[in-house]
Structures are given as structure tokens and as C-alpha cells.
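Okay, here's what each chain looks like letter by letter:
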Amino acid sequence: MLVVMQESASPEQIQRVMDRLIQDGFDVHRSTGAHHTVLGGVGGRADFDVAVFEVYEGVKEVHRIGSAYKLASRGFRPQGTVVRIGDVEIGGNHVVVMAGPCSVESRDQIERAADIVADGGARVIRGGAFKPRSSPYSFQGMGEEGLQLLRAAADRRGLLVISEVMDATQIPVMLPYADILQIGARNMQNYNLLRELGKIRKPVLLKRGLSATIEELLLSAEYILSGGNYDVMLCERGIRTFETYTRNTFDVSAIPVVKKLSHLPMIGDPSHGTGRRDQVPPMARAAVAAGADGLLMEVHHDPDHALSDGAQSLSGPQYMELMKQLRLIAAAVGRTI
Ligand code: PEP
Ligand code: MN
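Residues numbered from 1 in each chain as written. Chains lettered and ligands numbered in written order. Predicted model: local features only at pLDDT ≥ 70, side-chain atom pairs only at ≥ 80, totals over all residues. Heavy atoms only, no water.

K.L.:
A description of the coordination of the manganese ion (ligand 2) should follow, citing residues and the corresponding values.
P.N.:
Those protein atoms acting as donors to the manganese ion (ligand 2) are Cys102 (SG), His272 (NE2), Glu298 (OE) and Asp309 (OD), and they sit at 2.1 to 2.4 Å. Counting the intervening residues between successive donors of the manganese ion (ligand 2) yields the motif C-x169-H-x25-E-x10-D. Here Asp309 lies in the loop between strand E14 (294-298) and helix H11 (316-332) and His272 lies in helix H9 (residues 270-274), a separation of 37 residues in the sequence. (Donors = N, O, S within 2.8 Å, 3.2 Å for Na, K, Ca; no water. Helix = DSSP H or I, 4+ residues; strand = E, 2+ residues; numbered from the N terminus.)

K.L.:
Could you give me a rundown of the sheet that holds E14, with the residues and numbers involved?
P.N.:
Overall, parallel pairing links the 8 strands, which are arranged E7-E8-E9-E10-E11-E12-E13-E14 in a closed barrel. Each adjacent strand pair in this sheet contributes to an overall mean axis angle of 25 degrees, direction not counted. As paired elements, strand E11 (residues 204-207) and strand E12 (residues 232-236) share 4 bridges and run parallel to each other. Paired with Val204 across the bridge in E12 is Val232. (Pairing = 2+ DSSP bridges. Axes fitted to C-alpha atoms, helices over the stretch in contact; angles between N-to-C directions.)

K.L.:
Account for the sheet that holds strand E4 (residues 59-63), with residues named and values stated.
P.N.:
The strand order across the open sheet built from 4 strands is E2-E3-E1-E4, with neighbouring strands paired in antiparallel fashion. In this open sheet, the two strands that pair with only one neighbour each are strand E2 (26-32) and E4. Neighbour to neighbour, the strand axes of the sheet diverge by 20 degrees on average, direction disregarded. Both E2 and strand E3 (residues 37-43) contribute to a ladder of 7 bridges, which runs antiparallel. Bridging from a neighbouring strand, Asp27 pairs with Val42 of E3. Running at roughly 155 degrees to E2, helix H1 (residues 11-23) makes contact with strand E1 (2-5), E2, E3 and E4 of the sheet. (Contact = heavy atoms within 4.5 Å.)

K.L.:
Hey, could you go over the domain arrangement of the protein for me, with residue numbers and the actual values?
P.N.:
When its domains are assigned, the protein resolves into domain 1 (2-63) and domain 2 (83-332). Of note, the centres of domain 1 and domain 2, computed from C-alpha atoms alone, are 36 Å apart. (Domains from an automatic or database assignment.)

K.L.:
Give a description of the pattern of salt bridges that names residues and reports values.
P.N.:
Enumeration according to the criterion identifies 22 salt bridges in this entry. Here Arg156 makes a salt bridge to Asp115, at a shortest N to O gap of 3.2 Å. Here Arg156, found in helix H4 (residues 144-157), pairs with Asp115, found in helix H3 (residues 107-120); they are 41 residues apart in sequence, far enough to count as distant. For Arg156, a relative accessible area of 44% corresponds to the partly exposed category. Here Asp309 makes a salt bridge to Arg247, at a shortest N to O gap of 3.1 Å. Of this pair, Asp309 sits in the loop between E14 and H11 while Arg247 sits in the loop between E12 and helix H8 (254-261); the two residues are 62 residues apart in sequence, bridging distant segments of the chain. Linked by salt bridges that have partners in common, Glu111, Asp115, Asp119, Arg156 and Arg157 make up one network. (Salt bridge = Lys/Arg side-chain N within 4 Å of Asp/Glu carboxyl O. Buried < 20%, exposed > 50% of the residue type's maximum accessible area, 1.4 Å probe, protein only.)

K.L.:
Provide a residue-level description of the environment of Leu159, including the pertinent values.
P.N.:
Relative to the elements of secondary structure, Leu159 occurs in the loop between H4 and strand E9 (160-164). Overall, Leu159 belongs to the buried group, its relative accessible area being 4%. Considered as a pair, Leu159 and Leu149 are 10 residues apart in the sequence and their alpha carbons are 13 Å apart. The residues touching Leu159, leaving out its near neighbours within four places in the chain, are Ala114, Val117, Ala118, Ala122, Arg123, Val124, Ile125, Arg151 and Ala154.

Listed below in C-alpha cells is the structure:
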């Protein structure tokens, strides 16, 4: 349930409502906006009476939320969430680009990637150290050594780091090196992992599962939020359909739908979304036009020889050209990139 307090509500009135929610078995999450305090009650008695809360002093309105996700819903934080990491804000007016190779392969490769992505205007470098590969015989990533190389390259160019965590035991390994923990499509419904991510205080980027609905994506985000970690970003990375020309079908419409249903920043990944280098620029442009708060893209100095996902990785010149185009698209929708 959501309790919206009146603008004039006093701290005592807010406290009384919070006490009552707790008494009724709710976990209370408080969101303080410019005008209203919103209290989100999670769990608790399913048969509570809305009217009981409506008559508390200082209460403006009470909503029973039909859907199972509450903390992820737009109503919980109507103004939208801005994830702040240093001087980078994700979810604000600036569209944040996260770019880099699919996997960290060597010091030389990741240093070259850092130069390319930083020169083009990305604020975050990506690179997998623990790789979820469809085949167990494919390159599985460099592990902690890869994270060290990624962090060093990022620091040299003043970039933030995003990298994927596949398993709860990798979280402590990841924390010293990564600024954003990525949860891959295959782990979107790994609920034990999501609960562990709720306990840390570091931003998480949650990718949509290969065949997950938008509601399932938001429910997975709810696992992290309900643990108290509110810095969650969502990512459309393509879903599996009957189409085989592209690796996945990039669901551009998920971007405005999620922006409407949720306050969480929404990122587009046109690389996994299409699986083909030639289709990445048009879908990146579409994602920005559709209102994405950021892009996650694979860029490699020599994509034809990448150890993973080379076919969908942009070369340096392709990425630079795309960034120029994206600046025009962003401006057309009142944003910067
Ligand atoms: C990746 O970002 O390299 C990756 C494995 O993504 P996904 O989980 O979307 O397949
Ligand atoms: Mn990849």
C-alpha cells in the first residue's frame, strides 16, 4: 500500500502512520519528495482497511496497490530515481553511455577500449570478468585479474566501472573494483542473488531476462529494493521471439512502458538486443529517442577478433560516429548525451 501524506503533515503525524503500518506487519519504506512524503508499506495484512489509514491526521490519500511490486512502482517515487555515482547521475537529463568490450581480455585490450569509450563521451566502461556463456567451452572471463585491469583502465581515464556478477559469492570480489554491479539476463530470476544485492549499498543494473515480461522484470527489481538498496537501474537487452535474423528482438517499447510503470532509470542495450553490429546504431538511436536514461553498448578495438560477442561489438570509428548522431537525437528529445 502507499500512503501519501499531505504537504503540511507534521513529523509526528508521519510517525503515527508509520507506527500503525509497522503494527499491522508492514515493512515501511519512506520516500521524501519536494512536496509530499510517501510511505510504502510492504507485506503486512492483505485484508487491511484503506479507510483506517485515510482518517489518520496528515494523510492525503491511500492506495492499495494491485500489482505485487510496490517499491519499484512509479507511484512510490513519482519524481523518478536518479542514481548518483560521483559526479555521474543516471536518471537525470543526461543520457549516460556505458560502453566497452563484452569481456576483459587483456591489459592492452581494455586500455585501448578505455581510450575509445572515454574519447567518445561515455562515462562508464563495461567489461565482463565473470562471463555467462551459453557454452561451457567458450571463454569464461578473466575473473578478479580482469576486474583489476578494468579498474586501472577506468581510473586512468576517469571512468566508472560496470561489470557482471553471476553469483552471490562473487559480490565481495566485485565490490572493491566495480561502481555498478550488472545482473545478466540469465540471472534476472535468481532470487537468492537478488536478495543478496538488496543488502549491499552499491548501484545495480538489472537486465531483463530472455523471456521475461516487464512485470517480471519489475518484480525482480522489487527483490533488491525490498532489501533497502534503492539504487537499481533496469535494462532492456532484447527478448527471445520467433525471429532469427537478429540474435534477440530489441523491445524498444519496453523503454517508455517501464518509464511509465516505474521510477527506476531505464537503460537500453542494443548490442545484446540485436546481436549484429550493423543493427546496433539504429537501435541505439531508437532507444534514446524512446526515452532511455542510458545505453549499454559493446565496443572493441578489433571486434572481429574479440573473445566474446565480436559480431555485435562496434569498432572505435563506428562508436564515434554513433555518438555524434546520438547527440542530435538526444537534443531533439530535450536531453544531452
Ligand atoms: C553482457 O552484458 O555481456 C551479457 C552477458 O549480457 P546479457 O546478460 O544481457 O546476455
Ligand atoms: Mn556480451
